[in-house]
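So you can see what is in the structure, the chains are spelled out below.
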Amino acid sequence: PPEVMMAFQKSGTNELVGPKGPIFSTAQLAGIMAAKKTSELIPLCHPIPLDKVDVSIQLEGNVATVTCECHVTYKTGVEMEALTGATVADLT
């Protein structure tokens, strides 16, 4: 709701700042950490060495869009890592 959005301060960038600090930066960090720990969070998901994790959050009106992109040089895909990173960032 608009009254909730008004409770946060907007900085010059695409960042919202609440009483505990920058909201999107905290969510990005949580998403990156979650992607790296996917094998500890998801049963039967084996650990893979991630080369890069990029979590981005775009705010348009009252809608925040979270995107998590993972890169790996390995024999398997990184779908679970990207999904876990985006989900945890979204929850944060």
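Higher on the page you've got the structure.
Below, the structure is looked at part by part. (Residues numbered from 1 in each chain as written. Predicted model: local features only at pLDDT ≥ 70, side-chain atom pairs only at ≥ 80, totals over all residues. Heavy atoms only, no water.)

1. A word on the pairing of strand 4 (residues 50–60)
Sheet analysis places strand 4 next to strand 5 (residues 63–72), joined by 10 bridges and oriented antiparallel. The residue bridging leucine 50 from the neighbouring strand is valine 72, located in strand 5. Linking strand 4 back to strand 5 in an antiparallel pair, the connection comprises two residues, with glycine 61 at a positive phi of about 65°. (Pairing = 2+ DSSP bridges. Helix = DSSP H or I, 4+ residues; strand = E, 2+ residues; numbered from the N terminus.)

2. Topic: helix 2 (residues 23–36)
The end-to-end C-alpha separation of helix 2 is 20 Å, in line with the 20 Å expected for 14 residues at 1.5 Å each. Among the residues of helix 2, Phe24, Ala27, Ala30, Gly31, Ala34 and Ala35 are the ones counted as buried. For helix 2, the angular spread of buried residues about the axis comes to 130°, placing them on one side. Those residues of helix 2 that are exposed and aimed more than 90 degrees away from the buried face are Leu29 and Lys36. (Expected span 1.5 Å × (residues − 1). Buried < 20%, exposed > 50% of the residue type's maximum accessible area, 1.4 Å probe, protein only. Arc of directions from axis to C-beta.)

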